[in-house]
Amino acid sequence: MKIDIEIVIGFLMFVTLMCYTTYQASADEEFHAKIKPIKQQYCFTKIITTIKDDVVTKEEKLICADGRKNFDEPGYWELFSEFYYRDTNAPRYCRHYDRPNHAFNTPGKACLTKSGDWEVQW
């Protein structure tokens, strides 16, 4: 049985291309280098280029997962805690979360502080 050399070379090129594509797809750092964790939130830099009267301006905006536009703006949970805890008689705002690695597989509890941070209770 005679195998054409063109078929073998084509198959090797296909396998090489597939391996390279898989390697590039798994290289997260290369594709997501602009995403920065900020206080347990993920943010990215959006570049806006505008042209007005023959003047090109480049503007970089920081956009975060909780809706913040800058570092110094309050996030969603800071604003929510300020609104929720404006009354002194308000009960603590708590949520239950899964703990799959816990010995008894019981849910945990996290409460929102007045500063807008989550605090683990159990």
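Scroll up to find the structure.
**A closer look at the overall build of the protein**
Piece 1. Summing up its helical and strand segments, the protein has three helices and six strands in all.
Piece 2. Overall, the protein shows an N-to-C arrangement of helices and strands of α-α-β-β-β-α-β-β-β.
Piece 3. Here the protein holds 122 residues, and 20% of them are scored as buried.
Piece 4. Relative to all contacts within the protein whose residues are 6 or more apart in sequence, the contacts with residues 24 or more apart total 22%.

**With respect to the sheet that holds strand 4 (residues 94-97)**
Piece 1. Pairing in this open sheet of three strands is antiparallel, and the strands run 4-5-6 from one edge to the other. Sheet topology places strand 4 and strand 6 (118-120) at the edges, where each strand pairs with a single neighbour. Going across the sheet, the axis of each strand differs from the next one's by a mean of 30°, ignoring polarity.
Piece 2. Sheet topology places strand 5 (residues 108-112) next to strand 6; three bridges connect them, and they run antiparallel. Within the sheet, the bridge partner assigned to Leu112 lies in strand 6 and is Trp118.

**With respect to the nonpolar core**
Piece 1. Counting five residues, the largest nonpolar core consists of Trp77, Phe80, Tyr85, Tyr93 and Leu112.
Piece 2. When near neighbours in sequence (up to four residues on either side) are disregarded, Trp77 contacts Tyr93, Arg95, Leu112, Gly116 and Trp118.

**Observations concerning the side chain of Arg99**
Piece 1. Following the sequence through the fold, Arg99 ends up in the loop between strand 4 and strand 5.
Piece 2. Buried charge without a salt bridge: Arg99, with Asp98 as the nearest opposite-charge side chain at an N-O distance of 8.5 Å.
Piece 3. Polar side-chain contacts of Arg99 include one of 3.1 Å to the side chain of Thr106.
Piece 4. Apart from the residues within four sequence positions on either side, Arg99 is in contact with Asn105, Thr106, Pro107, Gly108 and Trp122.

Quick notes on the rules
Residues numbered from 1 in each chain as written. Predicted model: local features only at pLDDT ≥ 70, side-chain atom pairs only at ≥ 80, totals over all residues. Heavy atoms only, no water. Helix = DSSP H or I, 4+ residues; strand = E, 2+ residues; numbered from the N terminus. Buried < 20%, exposed > 50% of the residue type's maximum accessible area, 1.4 Å probe, protein only. Contact = heavy atoms within 4.5 Å. Pairing = 2+ DSSP bridges. Axes fitted to C-alpha atoms, helices over the stretch in contact; angles between N-to-C directions. Core = buried A, V, L, I, M, F, W, Y, C linked by side-chain atoms within 4.5 Å. Lys, Arg positive; Asp, Glu negative; His and termini not counted. Salt bridge = Lys/Arg side-chain N within 4 Å of Asp/Glu carboxyl O. Polar contact = N/O pair within 3.5 Å; in protein donor to acceptor, adjacent residues only side chain to side chain.

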